[in-house]
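Remarks on the overall topology
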Amino acid sequence: MAHIPTFRLHVVDVHGEVYYGDVRFVAAPAEMGEVGILPGHAPLLSRMRPGELRITAADGSLQILFLEGGMLEVQPYLVSILADASLRVPDIDLKDTEARLQAAQRALSEHTSEMNLLMAEQELKRELAKIQAHQRYQQNLQLGKTDGYDWRRPPLTGIPEINIQDLEE
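This text gives an overview of the structure that appears in the document. (Residues numbered from 1 in each chain as written. Predicted model: local features only at pLDDT ≥ 70, side-chain atom pairs only at ≥ 80, totals over all residues. Heavy atoms only, no water.)

**Considering a nonpolar patch on the surface**
On the surface, Leu45, Met71 and Leu82 cluster together into a nonpolar patch covering about 300 Å² of accessible area. Counting through the fold element by element, Met71 comes out in strand S5 (residues 62–75). The class for Met71 is partly exposed, based on a relative accessible area of 32%. (Patch = residues over 30% accessible without salt bridge, like charges linked within 9 Å, V, L, I, M, F, W, Y side chains within 5 Å. Areas by Shrake-Rupley, 256 points an atom, 1.4 Å probe, with all protein chains shown as cover. Salt bridge = Lys/Arg side-chain N within 4 Å of Asp/Glu carboxyl O. Helix = DSSP H or I, 4+ residues; strand = E, 2+ residues; numbered from the N terminus. Buried < 20%, exposed > 50% of the residue type's maximum accessible area, 1.4 Å probe, protein only.)

In structure tokens form, the structure reads like this:
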């Protein structure tokens, strides 16, 4: 049997260690978009947005966590994630999430202060990401996919044409 390369993943949040072990692949919700990480990845430091952390363990099993933001550090054979908070996607409480979502929407409509507006926007993004993660999880359960999600993405549309020469000028 061929050796499958792995790297070490360490995820912690304010409550302590969440995950520690060897993995084949990680997909993380970086601030500017999702980052796929394989062994030997180039060093990277990024803030993270709320979203799903998908982990393919060394044994091939898939684990999914919801992260509420944080920091991501990638080294060739070690990935460290300092999460603001984390939870398993099945543990998302939709009633609580929807209540927080409504509170954030109210705060946005009231425009009480610039700081409250920024906090409400962050809360809104976080709670919407939780709802989307939970919906994707439920859809896959209904399809009988209990070992993970189907992560095939739809084809990209509306991609702007980029002229390299314009960028160089």
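**Brief notes about the pattern of salt bridges**
Any two side chains of opposite charge can pair, so long as their charged atoms come close to each other. Within this structure, the stated rule accounts for seven salt bridges. Notably, a salt bridge pairs Lys130 with Glu127, separated by 3.6 Å at the nearest N-O pair. Residue Lys130 and its partner Glu127 are located together in helix H2 (residues 114–142), separated by three residues, close to a single helical turn. Neither Lys130 nor Glu127 differs from the other in exposure class; each is buried.

**Here's the deal with the environment of Gln135**
Relative to the helices and strands, Gln135 resides in helix H2. C-alpha of Gln135 to C-alpha of Pro90: the two residues are 45 residues apart in sequence and 10.0 Å apart in space.

**Overview of the nonpolar core**
Counting residues in hydrophobic clusters, the biggest one holds 21 residues, and the most contacted among them are Leu9, Val26, Ile37, Leu53, Leu72, Val79 and Ile81. Breaking this core down by element, the ones donating at least two residues are strand S1 (7–13), strand S2 (16–30), strand S3 (33–37), strand S4 (44–57), S5 and strand S6 (78–83). Counting residues per element, this core draws most heavily on S2, at five residues. The residues touching Leu72, leaving out its near neighbours within four places in the chain, are Ala28, Ile37, Leu44, Leu45, Ser46, Met48, Val79, Ser80 and Ile81. (Core = buried A, V, L, I, M, F, W, Y, C linked by side-chain atoms within 4.5 Å. Contact = heavy atoms within 4.5 Å.)

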